[in-house]
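Read off the chains here:
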Amino acid sequence: MKKLIFALTLTVAAAAQAAPADEKTLLAIGRSEGTALAPLKLGAGEAGQAAKGLRDYLTIKDNFPKEADSAKAHELIAARQEAAAGQAGAAQGSAAEWDAALYAYGQETGMRLYNGGFSKDEAAVLARGFAEALRGAQVPDMAREGAGIRAFMAARAAAAAKEQEAFYQKMSQEPGA
């Protein structure tokens with residue numbers, strides 16, 4: 001069993017290093033993350049605000065959304081979705097509240113993608129794909145492209161975990177550790 005786990009670990013690690021971050025894959029990942037709000041077809045400024053939250057979360061460490069902001073975001077998004085579906089919804093908030101909600105939504109999306117260990121440039125491409133989806137751009141066909149996206153993300157997460165383990169191993173060898 002240990003040999004199997006070791007072999008699997010080596011295979012995943014090799015796949016992680018062999019998984020280049022091409023723009024098409026990063027855009028597809030960003031677009032797939034924007035599918036939940038895509039029906040709202042946000043304006044460029046609104047989509048940009050959500051994309052900024054995603055990009056900031058991936059590039060600024062410890063940039064977690066506040067619990068109150070997340071709760072308000074989900075409340076306002078639900079109200080906007082109800083209104084878009086023609087149902088009488090709750091109050092949709094002020095422009096400032098909506099901007100804060102979109103930023104928090106982007107941060108939450110960034111939380112889901114964080115283990116991919118994305119660089120600043122990769123995060124920018126992901127955010128661009130996310131914003132495109134929020135503005136109504138075609139999202140990837142998950143039946144066709146989903147397995148590739150999931151494999152890419154798994155490989156990136158494995159590579160990030162390997163780097164983190166190497167860092168911890170190195171630090172444990174330091175005097176006084």
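Residues numbered from 1 in each chain as written. Predicted model: local features only at pLDDT ≥ 70, side-chain atom pairs only at ≥ 80, totals over all residues. Heavy atoms only, no water.

Draft legend 1. Focus on the overall build of the protein. For the protein, the count of helices and strands is seven helices and zero strands. Traced from its N-terminal end to its C-terminal end, the protein shows the element sequence α-α-α-α-α-α-α. When the 177 residues of the protein are sorted by exposure, 37% land in the buried category. Counted over contacts in the protein with a minimum sequence separation of 6, partners at least 24 positions apart contribute 85%. Working note: accessible area of the protein is about 10,400 Å², and carbon and sulfur atoms make up 57% of it. (Helix = DSSP H or I, 4+ residues; strand = E, 2+ residues; numbered from the N terminus. Buried < 20%, exposed > 50% of the residue type's maximum accessible area, 1.4 Å probe, protein only. Contact = heavy atoms within 4.5 Å. Areas by Shrake-Rupley, 256 points an atom, 1.4 Å probe, with all protein chains shown as cover.)

Draft legend 2. Just helix α2 (residues 23-33), in detail. Burial analysis of α2 places eight of its eleven residues in the buried class, which makes it a mostly covered element. Regarding α2, the residues found buried are Thr25, Leu26, Leu27, Ala28, Ile29, Gly30, Ser32 and Glu33. The residue sitting at the N-terminus of α2 and contributing the capping side-chain oxygen is Asp22; that oxygen lies 3.1 Å from the backbone nitrogen of Lys24. (Polar contact = N/O pair within 3.5 Å; in protein donor to acceptor, adjacent residues only side chain to side chain.)

Draft legend 3. Broad picture of the packing of aromatic side chains. What the rule picks out here adds up to two aromatic pairs. Taken together, a centroid distance of 5.7 Å and an interplanar angle of 75° make the contact between Tyr57 and Tyr114 edge-to-face. In this pair, Tyr57 sits in helix α3 (residues 44-59) while Tyr114 sits in the loop between α5 (95-113) and α6 (120-134), placing the two residues 57 residues apart along the sequence. Looking at Tyr57, the relative accessible area reads 7%, which means it is buried. Geometrically, the ring pair formed by Tyr105 and Phe130 is stacked, given 6.1 Å between the ring centres and 15° between the ring planes. Here the residue Tyr105 occupies a position in helix α5, and Phe130 occupies one in helix α6, the gap between them amounting to 25 residues. (Phe/Tyr/Trp six-rings, centres within 6.5 Å; stacked < 30°, edge-to-face > 60°.)

Draft legend 4. How the structure looks around the environment of Lys52. The residue Lys52 is located in helix α3 in this model. Linking Lys52 and Ala124, residues 72 residues apart in sequence, is a C-alpha distance of 8.8 Å.

Draft legend 5. Region of the structure containing unusual backbone geometry. Located in the positive-phi region is Lys41, a residue other than glycine, with phi close to 45°. Examined against the element boundaries, Lys41 turns out to sit in the loop between α2 and α3.

Draft legend 6. Quick peek at a nonpolar patch on the surface. A cluster of nonpolar residues, Phe167, Tyr168 and Met171, forms a patch on the protein surface that exposes about 320 Å² of accessible area. Relative to the helices and strands, Met171 is located in helix α7 (residues 142-172). Look at Met171 and you get partly exposed, because its relative accessible area is 37%. (Patch = residues over 30% accessible without salt bridge, like charges linked within 9 Å, V, L, I, M, F, W, Y side chains within 5 Å. Salt bridge = Lys/Arg side-chain N within 4 Å of Asp/Glu carboxyl O.)

Draft legend 7. Geometry of the side chain of Glu132. Considering the arrangement of structural elements, one finds Glu132 in helix α6. Beyond its immediate stretch of four places on either side in the chain, Glu132 contacts Leu27, Arg31 and Ala137.

Draft legend 8. Representation of the nonpolar core. If you look at the biggest cluster of nonpolar residues, it comprises 32 residues, and the most contacted ones within it are Trp98, Leu113, Phe118 and Leu126. Mapped onto this core, the elements with two or more residues apiece are α2, α3, α4 (67-84), α5, α6 and α7. With seven residues, the single largest contributor to this core is α6. Setting aside residues up to four positions removed in sequence, Phe118 forms contacts with Leu26, Leu58, Leu113, Ala123, Leu126, Phe152, Met153 and Arg156. (Core = buried A, V, L, I, M, F, W, Y, C linked by side-chain atoms within 4.5 Å.)

Draft legend 9. Structural view of the packing of α4 against α5. At a closest axis distance of 8 Å, the pairing of α4 and α5 adopts a crossing angle of 110°. When the interaxial angle is binned, α4 and α5 end up roughly perpendicular. Residues Asp69, Ser70, Lys72, Ala73, His74, Leu76, Ile77 and Arg80 of α4 touch α5, and the partners they reach there are Glu97, Trp98, Ala101, Ala104, Tyr105 and Glu108. Each residue belonging to the contact of α4 with α5 can be placed in one class, and the counts come to seven nonpolar, two polar and five charged. (Axes fitted to C-alpha atoms, helices over the stretch in contact; angles between N-to-C directions. Parallel < 35°, antiparallel > 145°, perpendicular 65-115°, else oblique. Nonpolar A, V, L, I, M, F, W, Y, C, P; charged D, E, K, R; others polar.)

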